[in-house]
Amino acid sequence: MTEERISFLNIRPEERKLVFSLIFVLAITTLVLELSDVIATGGFVSKVGPGKIFWLWIVDMVVSLVTVGIYAMAVDRMERVHLIKYLMLAFAVIFLILRFIFSLGTPDWISYPILYILTDQIYAVFPLAFWAMVNDQYTAAEGKRLFPIITMGTMIGSILGNGLAALSAWMLRQSGDDPTSLLPLGSIILLVGFVIIEAVFSKRTVNARHSHDGTVDIKQTLNVGVDYIKNVPIFTYLALAMLLSGWVFAVIEYHFLYSVDQSVSQDPLQFQAFYGIFKIILIISTILVQALVSGRLMERIGLKSAFIIQPIALAIGAVLAFLVPGVYGAAGARYVVRLVQQAWDEPARKSLENLIPDERRGRVSVVIDRYFYDLSTIVASLVLGLLLLLGSNGTVSQITIYIYMGLAVVASLIAIWAGFRLRARYDESMLDWRLARSRRKSVLTGIEF
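Residues numbered from 1 in each chain as written. Predicted model: local features only at pLDDT ≥ 70, side-chain atom pairs only at ≥ 80, totals over all residues. Heavy atoms only, no water.

*Asks:* Quick rundown of the overall build of the chain? Include the residues and the values.
*Replies:* Across its full length, the chain carries 15 helices and zero strands. The contacts in the chain between residues at least 6 apart in sequence include a share of 87% that link residues at least 24 apart. Carbon and sulfur atoms provide 67% of the accessible area of the chain, an area that totals close to 18400 Å². (Helix = DSSP H or I, 4+ residues; strand = E, 2+ residues; numbered from the N terminus. Contact = heavy atoms within 4.5 Å. Areas by Shrake-Rupley, 256 points an atom, 1.4 Å probe, with all protein chains shown as cover.)

Structure (structure tokens):
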């Protein structure tokens, strides 16, 4: 990597080793998750049916609430580097177990939901743990510059994972093998990530504080996050925006899956190929936006104005799906909202959460990033399921589409209002004692002995 390219990516020479290592670990982990997600989603939608995915989402979100609750009790009490290593080892074992479940010939309505739910638990926990670890490495000022670059690891891994999924769909059609035969490959890749983490952090000192509360209680753990949401205005409005965004994302996601399933005539391998190619296009776009726009624009406009953009994108996506029927409108809507979420909103949220003290950040991010999103997804799934049951013999009519997309437009407009309120209360929130902390680096930081 030349000095010119380092400058192009806005990375200083002394930051190169850690930043590129973090990008690599995030990339290979995302590769495994994306591959598993495409296999699970394609298999469930094609073999079980899109009309039943609401109930899968509800069960999945309930399990996620329990999973992230357990994670929240541990994240601020132990070294995050060790937590990441334990998670990668556990996930490697899980994928081997999943392959064994499929090899037993377990019915599709059992095996694919298990794969989907377990994959989503990894999605729920690993990004939270990874970004908690990354936040320990950098100050808030460094985070605004480097987090969009590190997030590129997600995009690279997504391209590789979805590319492998799309390519394997063609190869598996020729050979007649099962897509789940790729799951052991995920275990091997995760073990490579474990080795990288061990090598990078074996001699690196991390100056981060940890919680030393005497009791480990889920209620007390969640109360830490609730305290910030109730008393710090920027987190109050951010939580409201996340709650509404989860609703809109669920609606657009269902509309996309339903439309694609109809266009490929319920063929799981065609679904897998289309879904993989679509996500590759999305990720390439996201990488370009993150590399060329997100970091520099975020430094220019500041965090106070950053949280208006995603609600606007949600409104545009909902209107697009409302006005353009079929797979083109559904794919366009999902493209817009996921592009803005991944390239802009996620790095912005991680930068804002960097203002929270080390010993509380993990628990607060669990409540904001997961609990509000999961709860809104459960509510959206119940409403969508009810609309489908009230429709024409359980099918999706055009009137049903108009109703749930109309509700999504309303939710996105309220989220836009929450984004403007966050901006208006930003300076006031910076004076809150809950954000007061010292994040000075030692002169020995980064020096290896």
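Structure's up, so let's keep going.
*Asks:* Describe helix H14 (residues 358-390), and please don't skip the residues or the numbers.
*Replies:* Between its first and last C-alpha, H14 extends 48 Å over 33 residues, near the 48 Å set by a 1.5 Å rise per residue. Along H14, the sharpest change in direction is near 30 degrees and occurs at Val367. Most of H14 is tucked away, with 24 of its 33 residues classed as buried. (Expected span 1.5 Å × (residues − 1). Bend = angle between axes of the 7 residues up to and from the residue. Buried < 20%, exposed > 50% of the residue type's maximum accessible area, 1.4 Å probe, protein only.)

*Asks:* Tell me about the packing of helix H10 (residues 233-263) against H14, and name the residues and values.
*Replies:* Closest axis-to-axis distance for the H10/H14 pair is 8 Å, and the angle between their directions is 40 degrees. Regarding the angle of H10 to H14, the classification is oblique. Helix-helix and strand crossings are classified by hand; for H10 and H14 the assignment is right-handed. Facing H10, whose interface residues are Phe235, Leu238, Ala239, Met242, Leu243, Gly246, Trp247, Phe249, Ala250, Val251 and Tyr254, H14 presents Ile368, Asp369, Phe372, Tyr373, Ser376, Thr377, Val379, Ala380, Val383, Leu384 and Leu388. (Axes fitted to C-alpha atoms, helices over the stretch in contact; angles between N-to-C directions. Parallel < 35°, antiparallel > 145°, perpendicular 65-115°, else oblique. Left-handed = near helix turned anticlockwise from the far one by under 90°.)

*Asks:* Account for the confidence of the model for the chain, with residues named and values stated.
*Replies:* The predicted model of the chain averages 81 in pLDDT, with 88% of residues at 70 or higher. Looking over the chain, one finds the lowest element-wise mean pLDDT in helix H1 (residues 3-8), namely 48, and the highest in helix H12 (residues 309-323), namely 93. This model gives residues 1-6 a pLDDT under 50, and the stretch forms eight contacts once residues within four places in sequence are excluded. Between residues 438-449, whose pLDDT stays under 50, and residues either more than four places distant or in other chains, the model counts 18 contacts. (pLDDT = per-residue confidence, 0-100.)

*Asks:* Explain a nonpolar patch on the surface to me, and be specific about the residues and the numbers.
*Replies:* Together, Phe24, Leu185, Ile188 and Val192 give the surface a local cluster of nonpolar side chains, amounting to about 340 Å² of exposed area. Among the elements that make up the nonpolar patch, the one with the highest residue count is helix H8 (residues 183-201) (three residues). Using a relative accessible area of 34% as the deciding quantity, one classes Leu185 as partly exposed. (Patch = residues over 30% accessible without salt bridge, like charges linked within 9 Å, V, L, I, M, F, W, Y side chains within 5 Å. Salt bridge = Lys/Arg side-chain N within 4 Å of Asp/Glu carboxyl O.)

*Asks:* Which residues make up empty space enclosed by the protein, and what values go with them?
*Replies:* Inspection of the entire model under this criterion finds five cavities of 30 Å³ or more. If you add up the space inside the largest cavity, you get close to 1100 Å³. Residue assignment for the lining of the largest cavity shows that the elements contributing at least two residues are helix H2 (16-47), helix H3 (53-75), helix H5 (108-137), helix H7 (152-175), H10, helix H11 (268-301), helix H13 (326-353) and H14. Counted by class, the lining of the largest cavity contains 21 nonpolar, nine polar and 14 charged residues. (1 Å grid on protein atoms, 1.4 Å probe; cavity = no way out; pocket = protein on both sides within 12 Å on 5 of 7 lines; lining within 4 Å. Points joined across faces, edges and corners; volume = space filled by probe spheres on them. Nonpolar A, V, L, I, M, F, W, Y, C, P; charged D, E, K, R; others polar.)

*Asks:* Go over the environment of Ile101, please, and point to the residues and values.
*Replies:* For Ile101, the location among the structural elements is in helix H4 (residues 80-103). Ile101 sits 14 residues away from Leu115 along the chain, and the two C-alpha atoms are 9.3 Å apart. Excluding residues within four positions of it along the chain, Ile101 makes contact with Thr106 and Ile114.

*Asks:* Just give me the short version of the packing of aromatic side chains, but keep the residues and values in it.
*Replies:* Summed over the entire model, instances satisfying the criterion amount to twelve aromatic pairs. When the centroid spacing of 5.6 Å and the interplanar angle of 90 degrees are considered together, the rings of Phe130 and Trp131 count as edge-to-face. Under the relative-accessibility criterion, Trp131 is labelled buried at 3%. Joined through ring pairs, the aromatic side chains of Phe54, Tyr254, Tyr258 and Tyr404 make up one cluster. The residue whose ring lies beneath Arg334 is Phe256, and the NZ or CZ to ring-centre distance is 5.0 Å. (Phe/Tyr/Trp six-rings, centres within 6.5 Å; stacked < 30°, edge-to-face > 60°. Lys NZ or Arg CZ within 6 Å of the ring centre and 35° of its normal.)

*Asks:* Residues and numbers for the nonpolar core, please.
*Replies:* Ranked by internal contacts, the top residues of the largest apolar core, which has 140 residues, are Phe130, Phe235 and Tyr254. Look past the residues within four positions of Tyr254 in its chain and what remains in contact with it is Pro50, Ile53, Phe54, Trp57, Leu384, Leu388, Val396 and Tyr404. (Core = buried A, V, L, I, M, F, W, Y, C linked by side-chain atoms within 4.5 Å.)

*Asks:* Give a description of the pattern of salt bridges that names residues and reports values.
*Replies:* Counting across every chain of the model gives ten salt bridges. Here Arg334 ties to Glu253 by a salt bridge, and the two come within 2.8 Å at their closest N and O atoms. Of the two residues, Arg334 is situated in helix H13 and Glu253 in helix H10; the sequence distance between them amounts to 81 residues. For the pair formed by Arg334 and Glu253, the shared burial category is buried. Because the salt bridges share partners, they merge into one network encompassing Glu34, Asp37 and Lys279.

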